[in-house]
Amino acid sequence: MTTYNFTIVIEPDDDAFHAFVPALPGCHSFGNTVDEARAHIAEAIELHIESMIEDGEPVPVEPEPLLITRLSVPVAA
């Protein structure tokens, strides 16, 4: 068994939460809570990678270090 590490993004989506994996295009999930979204995206990642391996596709490896931050940009209107 191989363990993979991926960055996930969980964002509010109406009354629920949307989770996705930037390194795995098309790998998305939802949950009613952050914890539920996290659990669902973990399952989605597993299925996504299994499918990639079955199809002979390489599984991407995220480069280190990874920086995620907010940036405030003033825009003159």
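Heads up: the structure comes first, above all this text.
These lines cover the structure that appears in this document, whether it is placed above or below. Everything quoted here is computed from the prediction, not taken from an experiment.

Non-glycine residue Asp-14 carries a positive phi angle of around 55°. The exposure class assigned to Asp-14 is exposed, which follows from its relative accessible area of 78%.

With that settled, the discussion passes to the sheet that holds strand E1 (residues 9–13). On the basis of which strands lie adjacent, the open sheet formed by three strands has the order E1-E2-E3 and antiparallel pairing. Strands with a single pairing partner mark the edges of an open sheet, and in this sheet they are E1 and strand E3 (28–31). Averaged over all pairs of adjacent strands, the angle between strand axes in this sheet comes to 25°, irrespective of strand direction. In the sheet, strand E2 (residues 16–20) pairs with E3 via four bridges, with the strands oriented antiparallel. When the sheet's bridge partners are listed, Phe-17 is paired in E3 with Gly-31. Contacts from helix H1 (residues 34–54) reach E1, E2 and E3 within the one sheet, and its direction differs from that of E3 by about 150°.

Turning next to H1. End to end, H1 covers 30 Å across 21 residues, agreeing with the expected 30 Å (1.5 Å per residue, within 8%). When H1 is considered as a whole, its buried residues turn out to be Ala-37, Ile-41, Ala-44, Ile-45, Ile-49 and Met-52. Projected onto a plane normal to the axis of H1, the buried residues spread over an arc of 135° and lie on a single side. Facing away from the buried side of H1 by more than 90 degrees, the exposed set consists of Asp-35, Leu-47 and Glu-54. On the buried face of H1, the contacting elements are E1, E2 and E3.

A grouping of Glu-43, Glu-46, Glu-50, Glu-54, Asp-55 and Glu-57 is seen on the molecular surface, where their side chains present a negatively charged patch. With respect to the element layout, Glu-46 can be found in helix H1. Overall, Glu-46 belongs to the partly exposed group, its relative accessible area being 47%.

Criteria and thresholds
- Residues numbered from 1 in each chain as written.
- Predicted model: local features only at pLDDT ≥ 70, side-chain atom pairs only at ≥ 80, totals over all residues.
- Heavy atoms only, no water.
- Buried < 20%, exposed > 50% of the residue type's maximum accessible area, 1.4 Å probe, protein only.
- Pairing = 2+ DSSP bridges.
- Helix = DSSP H or I, 4+ residues; strand = E, 2+ residues; numbered from the N terminus.
- Axes fitted to C-alpha atoms, helices over the stretch in contact; angles between N-to-C directions.
- Contact = heavy atoms within 4.5 Å.
- Expected span 1.5 Å × (residues − 1).
- Arc of directions from axis to C-beta.
- Patch = residues over 30% accessible without salt bridge, like charges linked within 9 Å, V, L, I, M, F, W, Y side chains within 5 Å.
- Areas by Shrake-Rupley, 256 points an atom, 1.4 Å probe, with all protein chains shown as cover.
- Salt bridge = Lys/Arg side-chain N within 4 Å of Asp/Glu carboxyl O.
- Lys, Arg positive; Asp, Glu negative; His and termini not counted.
- Charge placed at Lys NZ, Arg CZ, Asp CG, Glu CD.

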